[in-house]
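What follows is each chain in one-letter form.
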4 protein chains.
Amino acid sequence: MNIMLIGDIVGRPGRSIIRETLPDLKKSYNVDFVIANAENAAGGNGITKKIAEELFTYGIDFLTMGNHVWDNKEVFDFIEEELRMVRPANYPPGTPGRGSRVVDLDGALKIGILNISGRVFMSNLDCPFRTADRELEKLKKVTNIIVVDFHAEATSEKQAIGWYLDGRVSLVAGTHTHVQTADERILPGGTAYITDVGMTGAYDGILGIEREPVIRKFLTQMPSKFEVAKGVSQLNAIVVEIDKTSGLARKIQRINIK
Amino acid sequence: MNIMLIGDIVGRPGRSIIRETLPDLKKSYNVDFVIANAENAAGGNGITKKIAEELFTYGIDFLTMGNHVWDNKEVFDFIEEELRMVRPANYPPGTPGRGSRVVDLDGALKIGILNISGRVFMSNLDCPFRTADRELEKLKKVTNIIVVDFHAEATSEKQAIGWYLDGRVSLVAGTHTHVQTADERILPGGTAYITDVGMTGAYDGILGIEREPVIRKFLTQMPSKFEVAKGVSQLNAIVVEIDKTSGLARKIQRINIK
Amino acid sequence: MNIMLIGDIVGRPGRSIIRETLPDLKKSYNVDFVIANAENAAGGNGITKKIAEELFTYGIDFLTMGNHVWDNKEVFDFIEEELRMVRPANYPPGTPGRGSRVVDLDGALKIGILNISGRVFMSNLDCPFRTADRELEKLKKVTNIIVVDFHAEATSEKQAIGWYLDGRVSLVAGTHTHVQTADERILPGGTAYITDVGMTGAYDGILGIEREPVIRKFLTQMPSKFEVAKGVSQLNAIVVEIDKTSGLARKIQRINIK
Amino acid sequence: MNIMLIGDIVGRPGRSIIRETLPDLKKSYNVDFVIANAENAAGGNGITKKIAEELFTYGIDFLTMGNHVWDNKEVFDFIEEELRMVRPANYPPGTPGRGSRVVDLDGALKIGILNISGRVFMSNLDCPFRTADRELEKLKKVTNIIVVDFHAEATSEKQAIGWYLDGRVSLVAGTHTHVQTADERILPGGTAYITDVGMTGAYDGILGIEREPVIRKFLTQMPSKFEVAKGVSQLNAIVVEIDKTSGLARKIQRINIK
Ligand SMILES: [Fe+2]
Ligand SMILES: [Fe+2]
Ligand SMILES: [Fe+2]
Ligand SMILES: [Fe+2]
Ligand SMILES: [Fe+2]
Ligand SMILES: [Fe+2]
Ligand SMILES: [Fe+2]
Ligand SMILES: [Fe+2]
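None of the values given here were measured: they were computed from a predicted structure.

A look at the overall build of chain A
Now for step 1: Across its full length, chain A carries five helices and 13 strands.
Now for step 2: Computed over C-alpha atoms, the radius of gyration of chain A comes to 17 Å, within 12% of the 18 Å expected from 2.2 N^0.38 for 258 residues, which places it in the range of a compact globule.
Now for step 3: Expressed along its principal axes, the backbone C-alpha trace of chain A runs to roughly 50 × 40 × 35 Å.
Now for step 4: Out of the 258 residues in chain A, the part that is buried amounts to 67%.
Now for step 5: Taking all contacts inside chain A whose residues are at least 6 apart in sequence as the whole, residues at least 24 apart take part in 63%.
Now for step 6: Surface exposure of chain A reaches about 9,000 Å², of which carbon and sulfur atoms provide 48%.
Now for step 7: In chain A, the 32 positive side-chain charges and the 33 negative ones have mean positions that sit 0 Å from each other.

This is how it looks when you write it as C-alpha cells:
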C-alpha cells in the first residue's frame, strides 16, 4: 500500500496547490492514504474546524500538527472529537486531543499515526524517545502499519529517532523546518526515513511567509508582523510503499512540485 | 565556469570518499574550482594543517569553516597564513584568520569566498546580514564571482540571507545541519541557493557520528563521548554554473553519492 | 551625589508603590536623581507616552528599557524626541531612540545613562562589551558620572560586564530577572555593581505577573495569557553614592520595601 | 529545628571557607542539619568521593547536585551507594543515583531532601513540576520535613515551583546562578523560599571562576579554558527554622560572609 505525507501546509497558497494537484498525484502515485501536517494551515498559524474540513474535501485523510497546534484558539472546539487528527504525543497528560490514533482504511487495513515533537531548540515537552516507546506499545497491538510525524528542528534529534525506531514503524518523517531534505532512505530495519518532508505553500516566501518582514526582523531584531506569502505555490510530500503485513517500507519517494 | 561546494567533511570517512571520487566528479561536472566545508575534517572536530594539506592533495582548492573552527587547537598554527581558507566573517574584529578571501584562478579569474555564521540557535556573533554587506563591499571591487558559505542552523535565517543577497553574489550555500536539502534553485536576481549542502562522511552514522552514543545522550541527557562513525561513506555537494562576467548563476545541481 | 535606580516597574502595582513611597525615599536617602527601568510599566508590556509622563510626575527623572521596549506600539510615538529615556544601545544602527543620553542636573552636573542588553538566552543584538566601549568613548568626553543599566538574563554575562567596566563607570546595575540579588558591592576600580536590582510591582505574583497562568504554562506547555498580578506591591531599588568629580562610587545600598 | 543550605561550592576556595567558618556558623545559628550544593566542588566541575568525604568532615551532612553532576567521571564510583547525596530527580528512569532521599537525624527526626533541575535555558529533563509531585507523594509518607533544592536558571521557573509547592514542603531553595538573591520569604502556605542561595567560592571571580578567560570568551566568542578563581572566599547560605511536626517554616535567614 502507498501512504503519502504532505509537508507543513502554510495558509491559502498551501491549501490551493493541494486542491489543484492532489487528485492527480494520488492517481499517479497510486496513493491509498494521505496524511498532511496542518499546523500552519490557517493563515500560517494553527488550524480551525473549517479549514480541517476543507483539507479533508481535497483528499487528505488525516492531519498531524506541531508546535503551532494551539495558535488558533478554534482548535479547542474540535480537537477532542476529531478522529482524523493528532497533535504531538509528548505534551503532558491531560492535554486536549490525542498524540496517536488508529484509522480503519476501507474497514480492512488499520493505520497507526503517531505525532511527536522534538525538544532541541523547541518546547520543554516529555522525552520524545520514551513517548514513542509508550505509544508504540499501544499501536503495535493493533497494527504494524505505523507512520510517525516527528516535528522537530535539529537534524541530530531527527536522525536519532529515525534510527531508534528503525524496524518498529513504517515511516519516520520529519516536519517543521519547512525545507525538504534529500536524505530519504529505507533504514536497514525496514523503516522509511526522511529528515524533513518540507513545506506546502508559497514558493517565493521564506518558509511560506512574506519575505520582507522576516528579513526586517533579522536586520532590526524588533518585533515584526508575519503574513503568509502570495504567488506561486509549491507542494512538498513523500510517498512510501509499505508491506501490508509486516508494516515495513519498500520504497520512499520525494515529491516536490510547483 | 563551474564551482563545486562540498558539504561538511566529517573525519576519515569523509576524506576517503573525497579521495576516491573527487577526481572523477570534477571531470564529469567539468569543475573549475572546488570549495569544501572542513570544520569537522579532523576526527569530527576542527581542522589541522596536516589534514588541510591532505584535502588540497585530493583536489580541493579552498576550505570554509563554521562553529567548530576552533575545536582543534592546531588551527591556530596556520589559519593566519593559509590563503586557501576562511572562517566565519562575523567573529569579532581581531579574530585569527579571515572571513573572506579572493583566489586567483589560473591567474585570470578571481573568485571571492565569504564564510558567515548564523546566530539563531548558535553563537552570539556579529550580525550576519550587516557582515555580508561589509564584506561584499570589499569583494565586489575585485570580482563578481562570489560564493557564500552560510553556516547556520535555522532554515528561516538561511532563506532570509539567500534572498537578502540575491543578485549580489553567485551562490549562497548553507552548511552545518549535515543534511542535504532539496530546495536548490536560482533566485530571481540570479543567485544560486540551497539551504544545506549536506554532509560528506559516514552514511550510517547520525550526522556522520557513531549512532549509539548520540542516541544514548538523547535518552539519558548525560554527557556522551562522540566518535566519527565507520562504514560506507556519502559525499554531498553542489555544482554551480556561473557566468564569468556577471557572476550570476545559470544552474545549480545537487550531488549525493555513496 | 546620590543616584537611585529602580528595578523593572511592572504595571499599575509598580506605579502605585512608586507614587506612594518615592517622595519619602528620596528624602531619606538624599537622592539627587532617579532612574527607573520601565520596560514593563504599561500593563506589563512596554511603555506609552502617557505612562512615561505619569512616572515623571512621581519623581522619576529618567527611564531605561530592555527586551520589552517595543511591546507597546505607542513607544514609537515618542521614543525619538523623549530626552529622558534610553533603550538598549546594542540594537543595530538605525533603531528608533537612543542607547545612551546625557542629562544636565540643575544645569551643573552631567549624568550619562547607558542601557545595554545581554545576549545570553536573549536576542541576537550587537556585542554588549564592544557597544559599551563605543558608547563610553562618547560619554566620557562629557562626564565621569555614568550609570549603566545592563538588562540581561545570565549572571555570568552580568558579572563579566561589571568587571569589564570597573573603574570606567559609576554603576553597573543589572535588570531583567525581576529578582533582587544580594551581591551589591563596590568593585576594586570604584564601580558600584549589583547583578539585579529586582522588580517593582505585585509582591505575590510571579515576577509581578498573575501566578496561575504562569504555573499553568509550565505544567501544560501551552500558550497562556499573562496579566499583571494584583495585591500588595514591592519596590526594589538601589541608591549609589557617587563622587562628583571622579564619578566613582563610594557606597551602594539596596532598597527592598513592601 | 534549623536546617542550613549552602549555595554552590566552587572548588578549593569554596571548600576552604566552609572548613574555616562552618563550625562557628552552626553554633551561632543553632543548626541541626547542613545541606550543600556540591555540583562544582571538585575544581569547579562535578564531585569525587574524596571531595564528598572532605565536605562531610567539615560538618556538611548532605549534598545536592545540578547540571554539573556528571562532569567528573569519578561520581559514578559512589553515587549509587552514597546515602548522603542526591542528583536532580527529573533525569530519566535508570539514571545512576537518587533524586530524593530521607535521612534520619539522631534516629528521631526524618528529613526528606529532593533535588530537581529546571528546564528553561537548561537540559531537556522530565517536567520538574510533575517530578516534584511524584517524589513528594513518596516523601510525605515518611516525613513532613522536606527540603527542595531547585537547580535552575530562570527566575520565572523558580518562583513558579516555589508557589506550586507552597504548603507541601519546608523549603524551596534555588541554586545554579551562583548569585544570592534577596527575596527570601515565607510563602503564605508556610514554605520558605529563596530564588537562589548563591555561591560559596572565590569572591573576586565571575561565579567563582577566574575572570579573564570568562571575559575573553564573551569578547571573542571562542572557546576558553576556565579555572577556579583564587583569593578571598565568600560563603552563601540560608538557615531555615522549621516546625518539626508540621514541617512548615517559621523563619528564613540569608548568610553572606567573606
Ligand atoms: Fe513547526
Ligand atoms: Fe510548520
Ligand atoms: Fe559541521
Ligand atoms: Fe557546524
Ligand atoms: Fe522586565
Ligand atoms: Fe526584560
Ligand atoms: Fe553551580
Ligand atoms: Fe548549575
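Describing the interface of chain D and chain A
When the parts of a complex come together, some accessible area is lost, and that lost area is often used as the size of the interface.
Now for step 1: Contacts between the two partners involve eight residues from chain D and, on the opposite side, eight residues from chain A.
Now for step 2: Taking both partners together, chain D and chain A bury about 700 Å²; carbon and sulfur atoms supply 29% of that area.
Now for step 3: When residues of chain D are sorted by the area they lose upon contact with chain A, D:Arg119, D:Asn124 and D:Arg130 head the list and together hold 74% of the total.
Now for step 4: Across the contact surface, chain D and chain A share two salt bridges.
Now for step 5: Counting across the interface, chain D meets chain A through six residue pairs in polar contact (both at pLDDT 80 or more).
Now for step 6: Among the residues making up the side of chain D that touches chain A, the classes are represented as four nonpolar, one polar and three charged.

Things to note about the relation of the copies chain D and chain A
For the pair of chain copies, the relating transformation is a rotation about an axis with a translation along it.
Now for step 1: In screw terms, the move from chain D to chain A is a rotation of 180 degrees and a rise of 0.0 Å along the axis, fitting with an RMSD of 0.0 Å. Here the symmetry operator amounts to a two-fold rotation axis.

Notes on helix H4 (residues 155-165) of chain B
Now for step 1: For H4(B), the buried fraction is high: 10 of the 11 residues fall into the buried class.
Now for step 2: Inspection of H4(B) places B:Thr155, B:Glu157, B:Lys158, B:Gln159, B:Ala160, B:Ile161, B:Gly162, B:Trp163, B:Tyr164 and B:Leu165 among the buried residues, and these make up the whole buried set.
Now for step 3: Where H4(B) is buried, its residues contact helix H5 (211-220) of chain A together with helix H3 (128-140), strand E7 (146-151), strand E8 (171-175), strand E9 (185-186) and strand E10 (192-194) of chain B.

Details of the coordination of the iron ion (ligand 7)
Residues and elements named next belong to chain D.
Now for step 1: Only Asp8 (OD), Glu39 (OE), Asn40 (OD1) and His178 (NE2) from the protein coordinate the iron ion (ligand 7), and they sit 2.1 to 2.2 Å from it.
Now for step 2: Taken together, the four donor atoms surrounding the iron ion (ligand 7) define angles of 90 to 165 degrees at the centre, an arrangement classified as irregular.
Now for step 3: Counting along the primary sequence, the residues that act as donors to the iron ion (ligand 7) give the motif D-x30-E-N-x137-H.

As for the packing of aromatic side chains
Now for step 1: All told, the structure shown has 18 aromatic pairs over all chains when counted by the stated rule.
Now for step 2: Centre to centre, the rings of C:Trp70 and C:Phe76 are 5.4 Å apart; their planes meet at 5 degrees, and the pair counts as stacked.
Now for step 3: Owing to a relative accessible area of 1%, C:Trp70 belongs among the buried residues under this scheme.
Now for step 4: Seen from their ring centres, C:Phe129 and D:Phe218 are 5.5 Å apart, and the 20 degrees between their planes marks the pair as stacked. Of this pair, C:Phe129 sits in helix H3 (residues 128-140) while D:Phe218 sits in helix H5 (residues 211-220), which puts the two residues in different chains. Taken individually, C:Phe129 and D:Phe218 each receive the classification buried, so the pair is uniform in this respect.
Now for step 5: Linked through ring pairs, A:Trp70, A:Phe76 and A:Tyr91 together constitute an aromatic cluster.
Now for step 6: For the cation-ring pair, A:Arg168 lies above A:Tyr164, with the distance from its terminal atom to the ring centre recorded as 5.2 Å.

Here we look at the side chain of B:Thr177
Now for step 1: Take B:Thr177: it is sitting in the loop between E8 and E9.
Now for step 2: Leave out the neighbours within four places in its chain, and B:Thr177 touches A:Thr155, B:Ala152, B:Glu153, B:Lys158, B:Asp196 and B:Leu207.

Quick word on the relation of the copies chain A and chain B
Now for step 1: Between the two copies, chain A and chain B, the superposition gives an RMSD of 0.0 Å; the rotation angle is 180 degrees and the shift along the axis is 0.0 Å.
Now for step 2: Comparing contact sets, 100% of the residues at the interface of chain A also lie at the interface in chain B, consistent with an isologous, same-surface contact.

Some thoughts on the confidence of the model for chain A
Now for step 1: Summing up the model confidence of chain A, the mean pLDDT is 98 and the portion of residues at 70 or higher is 100%.
Now for step 2: ipTM for the predicted complex: 0.97, alongside a pTM of 0.98.

Describing the coordination of the iron ion (ligand 5)
Residues and elements named next belong to chain C.
Now for step 1: Bound to the iron ion (ligand 5) on the protein side are Asp8 (OD), Glu39 (OE), Asn40 (OD1) and His178 (NE2), at distances that span 2.1 to 2.2 Å.
Now for step 2: Between the four donor atoms coordinating the iron ion (ligand 5), the angles at the centre fall across 91 to 166 degrees, so the site counts as irregular.
Now for step 3: Counting residues between consecutive donors of the iron ion (ligand 5) along the chain gives the motif D-x30-E-N-x137-H.
Now for step 4: A separation of 3.5 Å is found between the iron ion (ligand 5) and the iron ion (ligand 6), both of which receive a donor from Glu39.

Describing the sheet that holds strand E8 (residues 171-175) of chain D
Residue and element names in this part refer to chain D.
Now for step 1: Judged by pairing direction, the sheet is mixed, and its six strands sit side by side in the order E5-E6-E7-E8-E10-E9 without closing on themselves. Whereas interior strands pair on both sides, the edge strands pair on one side only; in this sheet they are strand E5 (100-105) and strand E9 (185-186).
Now for step 2: Judged from the three bridges that link them, E8 and strand E10 (residues 192-194) form a sheet pairing that is parallel. Residue pairing in the sheet places Ala173 in a bridge with Ile194 of E10.
Now for step 3: Helix-sheet contacts for helix H3 (residues 128-140) involve E5, strand E6 (109-117) and strand E7 (146-151), and the interaxial angle to E6 is about 165 degrees.
Now for step 4: On the sheet, helix H4 (residues 155-165) packs against E6, E7, E8, E9 and E10 and is oriented at approximately 170 degrees with respect to E8.

Considerations on the sheet that holds E7(B)
Residue and element names in this part refer to chain B.
Now for step 1: Taken in spatial order, the six strands of this open sheet run E5-E6-E7-E8-E10-E9, and their pairing is mixed. Each of the sheet's edge strands pairs with one partner strand only, and the pair in question is strand E5 (100-105) and E9.
Now for step 2: Relative to E7, strand E6 (residues 109-117) runs parallel, the two sharing six bridges. Across the sheet, the residue bridging to Ile113 is Val147, located in E7.
Now for step 3: Its contacts with the sheet place H3 against E5, E6 and E7, and it is angled at close to 165 degrees to E6.
Now for step 4: Each of E7, E8, E9 and E10 touches H4; the most contacted strand, E8, lies at about 170 degrees to it.

Parameters at a glance
Residues numbered from 1 in each chain as written. Chains lettered and ligands numbered in written order. Predicted model: local features only at pLDDT ≥ 70, side-chain atom pairs only at ≥ 80, totals over all residues. Heavy atoms only, no water. Helix = DSSP H or I, 4+ residues; strand = E, 2+ residues; numbered from the N terminus. Rg over C-alpha atoms; globule rule 2.2 N^0.38 Å. Buried < 20%, exposed > 50% of the residue type's maximum accessible area, 1.4 Å probe, protein only. Contact = heavy atoms within 4.5 Å. Areas by Shrake-Rupley, 256 points an atom, 1.4 Å probe, with all protein chains shown as cover. Lys, Arg positive; Asp, Glu negative; His and termini not counted. Charge placed at Lys NZ, Arg CZ, Asp CG, Glu CD. Buried area = accessible area lost by both parts, 1.4 Å probe. Salt bridge = Lys/Arg side-chain N within 4 Å of Asp/Glu carboxyl O. Polar contact = N/O pair within 3.5 Å; in protein donor to acceptor, adjacent residues only side chain to side chain. Nonpolar A, V, L, I, M, F, W, Y, C, P; charged D, E, K, R; others polar. Least-squares fit on C-alpha atoms with pLDDT ≥ 70 in both. Donors = N, O, S within 2.8 Å, 3.2 Å for Na, K, Ca; no water. Tetrahedral: all angles 85-135°; square planar, octahedral: opposite > 155°, others 65-115°. Phe/Tyr/Trp six-rings, centres within 6.5 Å; stacked < 30°, edge-to-face > 60°. Lys NZ or Arg CZ within 6 Å of the ring centre and 35° of its normal. pLDDT = per-residue confidence, 0-100. Pairing = 2+ DSSP bridges. Axes fitted to C-alpha atoms, helices over the stretch in contact; angles between N-to-C directions.

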